[in-house]
Structures are given as structure tokens and as C-alpha cells.
Amino acid sequence: MNPQQLARSIALGAAATAFATSVGAVGVVATQLLTARRRAALDPRSAPDLPAEQGPATGPLLRVVILGDSFAAGVGAGDSSRSPAGRLTGMLARAGYRVQARSVAVPNSLTADVKIQASRALITSEADPYDLAIVVLGAMDVCAWSRSAEVEHATYRLTAALANRGGRVVLATTADLGTAPCVAQPLRALWGWRSRRIAAAQAAGARQSGSEVVDLVAATGTSFAGDRGLFAEDGFHPSADGYRIIADAIAPAVRAVARERRPIL
């Protein structure tokens, strides 16, 4: 075999190896996706109910609505005081607000689905609009491989619909699912990459409507990557401690909007 033939043979061998590796990786990911869909998940009905009213009766009234997916609903939190919505509304109540809160979050919702939640919330609050809408979603868009452009557009429509009724919106993006222990590599890495793309799309859509954005990938990803205890038993939803990390990341934006809407003297 002359040098040219040898070089060609090596190149063909390398190409064949790379092709086989890529095919094998695709097969692994496909298998992991099937396994992820069949994994034992927490019952969405386990999401705790929010107290209808909290805080001092003489405090400034602050009406709050929670929208989003199972993370917004607090699946895995155990009780309302440990869910992100419960922690955030409790924080406002302790600050002196009389907080009237309602959650319309529906587990397993995509970003495109939450416009329906917004419609429900707005119809029932026509006479007395909400001061603050807290939106937490995006995890299902990561898993369902929603297109980034569609997520951005759906996020804008959702947040604009809420903002156009006079309230302020705080949107928390998807968390970093690349840290979720319910799946292994390479799917976990793909979920991490997808989480960053979806979070960026959500942020772009929300900022177009003038909404506040909390990037949970950036704010909480390192914490979740380093502590398995921040996940519930299904390895996907946060545990009560995980929701504490998420609520702590959202709290400054919620606190700032509340002060803007209803200053406490």
C-alpha cells in the first residue's frame, strides 16, 4: 500500500469510526429518552394549595397570581409553605403586605399552554386586577424539544397579556435540567444545552413585554449540580430544599415589584 492509499485508508477508517460513534450516541440518547418518559414521576396532584390570604389585615393589599408548570405548582414541595409560590407569598406577608394569592399553574404545561392559564386568571379578576403575576415554567419545553422561536413568541404573548391588564410580571425561566439525576449522560448534557437555549428564549420574550426576568439556569444551576438533596425522589422535580433555592433566586425581583406597586411606609 503506497502512502496515498494508506492515508486514504486511515481517513476512511476514522470517518467510519466517527459515524459509528455518532450512530451509537443517537441510539443511546433515544433509549434514554424512552426511559425518561417512562420514569416514575411524582403525582401532579401532590401540588399543595396556596393560602387564599396571608399577612396583617391592615397591610397594603397585594393581589398575586401564580402561573406555570409543576415547578410553579410546587410538585414535590410537600406543603404550601415550602413551595416556591408559598415561600414568595409568605415573604411578602412577613414584609407587611396583606397578600391575596391564587395559583392557576398546571403541571406538565409547555410555555404555549400557559396563555390559557393567563386567560383564566384575567377573566376572574376583571373587577380587581392582579398587582403581580409570578410565572415559573420551561422545564417541559426542554424535555419536549420545543423550538426556541416558538417559546420566545409564546412567552411574549403570555407576559404581554398579563402586563396589558396593568399588573407587573416576574418570569422565572426553566431551571437547569442538565443537573437532573433522573437521566444519565449524554442526555443530561443535551438537557443542559437545551435549558440554556430555552431560558434565553424565555428571557427575550418576557423582556419584550417589559417583564422582570430571573434566569434560573444561571442563578441556581451550580447549586443543583452540587447537591442531590435539592431534588425530590423522582430525580426531576426539586425537593423542598430545592424549591427554597429557587424561591430565594426569585425573591429579589418579587420584592422589588411589590414595593413599586404597593409601597410600605
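Note that the structure is predicted; figures quoted are calculated from it, not measured. (Residues numbered from 1 in each chain as written. Predicted model: local features only at pLDDT ≥ 70, side-chain atom pairs only at ≥ 80, totals over all residues. Heavy atoms only, no water.)

1. A short note on the overall build of the protein
Spelled out, the test is: Only runs of H or I of at least four residues qualify as helices and only runs of E of at least two qualify as strands under DSSP, and these elements are numbered from the N terminus. Here the term buried applies to any residue with accessible area under 20% of the maximum for its type, exposed to any over 50%, and partly exposed to those in between, with areas from a 1.4 Å probe on protein chains only. The contact criterion used is simple: two residues touch if any of their non-hydrogen atoms lie within 4.5 Å.
Scanning the protein from terminus to terminus reveals nine helices and six strands. Out of the 265 residues belonging to the protein, those deemed buried represent 49%. Within the protein, counting contacts between residues at least 6 apart in sequence, those at least 24 apart form 81% of the total.

2. Some points on the packing of aromatic side chains
For clarity, the cut-off: In this analysis, rings of Phe, Tyr and Trp, with Trp reduced to its six-membered ring, are considered paired at centre separations within 6.5 Å, and the interplanar angle assigns stacked below 30 degrees, edge-to-face beyond 60, and tilted for intermediate values. By definition, being over a ring means that NZ of Lys or CZ of Arg is both within 6 Å of the ring centre and within 35 degrees of the ring normal.
Evaluated as defined, the whole model comprises four aromatic pairs. Ring pairing ties together the aromatic residues Phe71, Trp191, Phe236 and Tyr243, which thus form one cluster. Here the guanidinium or amino end of arginine 63 rests over the ring plane of tyrosine 130, the centre of that ring lying 4.6 Å away.

3. Description of the side chain of threonine 179
To keep it simple, the criterion reads: Definition of a polar contact: a pair of N or O atoms within 3.5 Å, with one able to donate and the other able to accept a hydrogen when the atoms are protein atoms, and with sequence-neighbouring residues admitted only if both atoms are side-chain atoms.
When you line up the elements, threonine 179 lands in the loop between strand S5 (168-172) and helix H7 (187-208). Of the residues examined, threonine 179 reaches a relative accessible area of 13% and is grouped as buried. A polar contact is formed between the side chain of threonine 179 and the backbone oxygen of aspartate 176, at a distance of 2.8 Å. Apart from residues lying up to four places away in sequence, threonine 179 is in contact with Arg188, Gly221, Phe224, Ala225 and Phe231.

4. With respect to the packing of helix H8 (residues 216-225) against helix H9 (residues 240-261)
Note the cut-off: As a rule, the C-alpha atoms of each element are fitted with a line to give its axis, helices using only the stretch in contact, and angles between N-to-C directions run from 0 to 180 degrees. Throughout, a crossing is termed right-handed when the near helix is turned clockwise from the far one, and left-handed when it is turned anticlockwise from it by less than a right angle.
For the pair H8 and H9, interaxial distance at closest approach is 10 Å and the crossing angle is 150°. H8 and H9 meet at a crossing whose hand is right-handed. Each of Leu216, Ala219, Thr220, Ser223 and Phe224 in H8 lies in contact with H9, whose residues at this interface are Gly242, Ile245, Ile246, Ala249 and Ile250.

5. Regarding unusual backbone geometry
Look at the link from glutamine 185 to proline 186: it is a cis peptide, with omega at 5°. Positive phi, normally seen in glycine, also occurs at asparagine 108, with a value near 70°. In this structure, asparagine 108 sits in the loop between strand S3 (98-103) and helix H4 (114-123).

6. Remarks on H7
Formally: In this analysis, the expected span of each helix is defined as 1.5 Å times one less than the number of residues it contains.
For H7, with 22 residues, the first-to-last C-alpha span of 32 Å sits near the 32 Å given by 1.5 Å per residue. The complete set of buried residues in H7 reads Leu187, Trp191, Gly192, Arg194, Ser195, Ile198, Ala199, Ala201, Gln202, Ala203, Gly205 and Ala206. Positive backbone phi, at 80°, marks glycine 210, one or two positions downstream of H7.

7. Thoughts on the pairing of strand S4 (residues 132-136)
Here is the key point about a regular strand: its side chains alternate between the two faces of the sheet. Our working rule: Pairing between two strands is assigned when DSSP locates at least 2 bridges connecting them.
Counting buried residues along S4, five of its five residues qualify, which places the element largely inside the surrounding structure. Taking every second residue as pointing to the same face, both faces of S4 are buried, with Leu132, Ile134 and Val136 on one and Ala133 and Val135 on the other. Bridge analysis of strand S2 (residues 61-68) against S4 gives five bridges, and the strand direction is parallel. In the sheet register, valine 64 faces S4, and the bridge partner there is leucine 132. Two strands pair when backbone bridges link them, and S4 and S5 are joined in this way by five bridges, in the parallel orientation. In the strand pairing of S5, valine 135 is matched with leucine 171.

Geometry only, nothing functional implied.
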